[in-house]
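Take a look at the letters that make up each chain.
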Amino acid sequence: MSKQEFTITVYTENQIGLLNRIAIMFSRRKINIESLNTSPSEVDSVHRFTIVINEFEEVVKKLVRQIEKQVEVLKAYYNTEDEIVWQEMALYKVPTDIIAEKVKVERLLHQYGARAVVIRKDYTVFETTGHREELEGLIKALEPYGLIEFVRSARIAIIKASKGFHEKLKEFEEHEPGEEVIENEFLDKQDEVFTM
């Protein structure tokens, strides 16, 4: 059994210091985070962390259980690449004169689905989305034409088999409705609420 790429999705309340505590869990285990994205989720006041690592599945299972023990964490999942739909975004800065002169560069950009977001006399910035290999492929293709700068975003991902966090919460509330709205009333029943 070898290490493989896993995407960990963590649903959490937006609390100061939580990101730091989660990062410490990885560094203690000497696990390198390949990609980290935080964003709001489909549920008001719930945030979503998307973390990409290369590790053994057994280690990832233990890590996810440890993450879930954090008070502000509602649920954490881990998935392989074939269980998610994912994308990354990249920006490429290239000299404008080369783009204007070389028809081949324009074909390359079209081939990779890149679009111009800024055009200035001295440089042009292109944006594209895709999988990491595709984004890195365009870097290699643009290098001979004077690639000035490159940046890639963190991964964003959606779990294919998931009904979604919001639906799970609604289902649980229908089966066990509360008399009044109590903040965090289901925190002690996370396994029942959030199994996907």
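In what follows, the accompanying structure is described. Every chain's residues receive numbers from 1 upward, in the order its sequence appears when written. Two thresholds apply to this predicted model, a pLDDT of at least 70 for residue-level local features and 80 or more for giving and counting side-chain atom pairs, whereas whole-chain, interface and lining totals are computed over all residues. Excluding hydrogens and water, the side-chain figures rest on all heavy atoms present in the structure.

### Focus: the packing of aromatic side chains
Test applied: Here a Phe, Tyr or Trp ring, Trp counted by its six-membered ring, pairs with any other such ring whose centre lies within 6.5 Å, and the pair is stacked when the planes are under 30 degrees apart, edge-to-face when over 60, and tilted otherwise. Numbered from the N terminus, helices here are DSSP runs of H or I no shorter than four residues, and strands are runs of E no shorter than two. For every residue, the accessible area (1.4 Å probe, protein chains only) is compared with the maximum for its type, and the residue is labelled buried under 20%, exposed over 50%, or partly exposed between those bounds. Geometrically, a charge over a ring is one whose NZ (Lys) or CZ (Arg) sits within 6 Å of the ring centre while staying within 35 degrees of the ring normal.
In the structure shown here, the tally under the stated rule is three aromatic pairs. On the numbers, 6.3 Å between centres and 85° between planes, the contact of Y11 with Y77 is edge-to-face. Of this pair, Y11 sits in strand β1 (residues 4-13) while Y77 sits in strand β4 (residues 73-80), and the two are 66 residues apart along the sequence. Here the aromatic rings of Y92 and F150 are separated by 5.2 Å at their centres, their planes lie at 45°, and the arrangement is tilted. Of this pair, Y92 sits in strand β5 (residues 84-95) while F150 sits in strand β8 (residues 149-152), and the two are 58 residues apart along the sequence. Since its relative accessible area comes to 28%, F150 is described here as partly exposed. The residue whose ring lies beneath K93 is Y123, and the NZ or CZ to ring-centre distance is 4.4 Å. Lying across the ring of W86, R155 places its NZ or CZ 3.6 Å from the centre.

### Focus on the sheet that holds strand β3 (residues 46-55)
To be explicit about the condition: By this definition, two strands are paired if DSSP reports at least two bridges between them. As a rule, the C-alpha atoms of each element are fitted with a line to give its axis, helices using only the stretch in contact, and angles between N-to-C directions run from 0 to 180 degrees. When checking whether two residues touch, look at their non-hydrogen atoms; a contact exists if any pair is within 4.5 Å.
Reading across the sheet, the four strands line up as β2-β3-β1-β4 and stay open at both edges, with antiparallel pairing between neighbours. Of all strands in the sheet, those bounded by a partner on one side alone are β2 (33-40) and β4. Mean inter-strand twist for the sheet, computed between neighbouring axes without regard to direction, equals 15°. Bridge analysis of β1 against β4 gives seven bridges, and the strand direction is antiparallel. Following the sheet pairing, I8 is matched in β4 by Y78. Across the sheet, helix α2 (residues 57-68) is in contact with β1, β3 and β4; its angle to β4 comes to roughly 165°.

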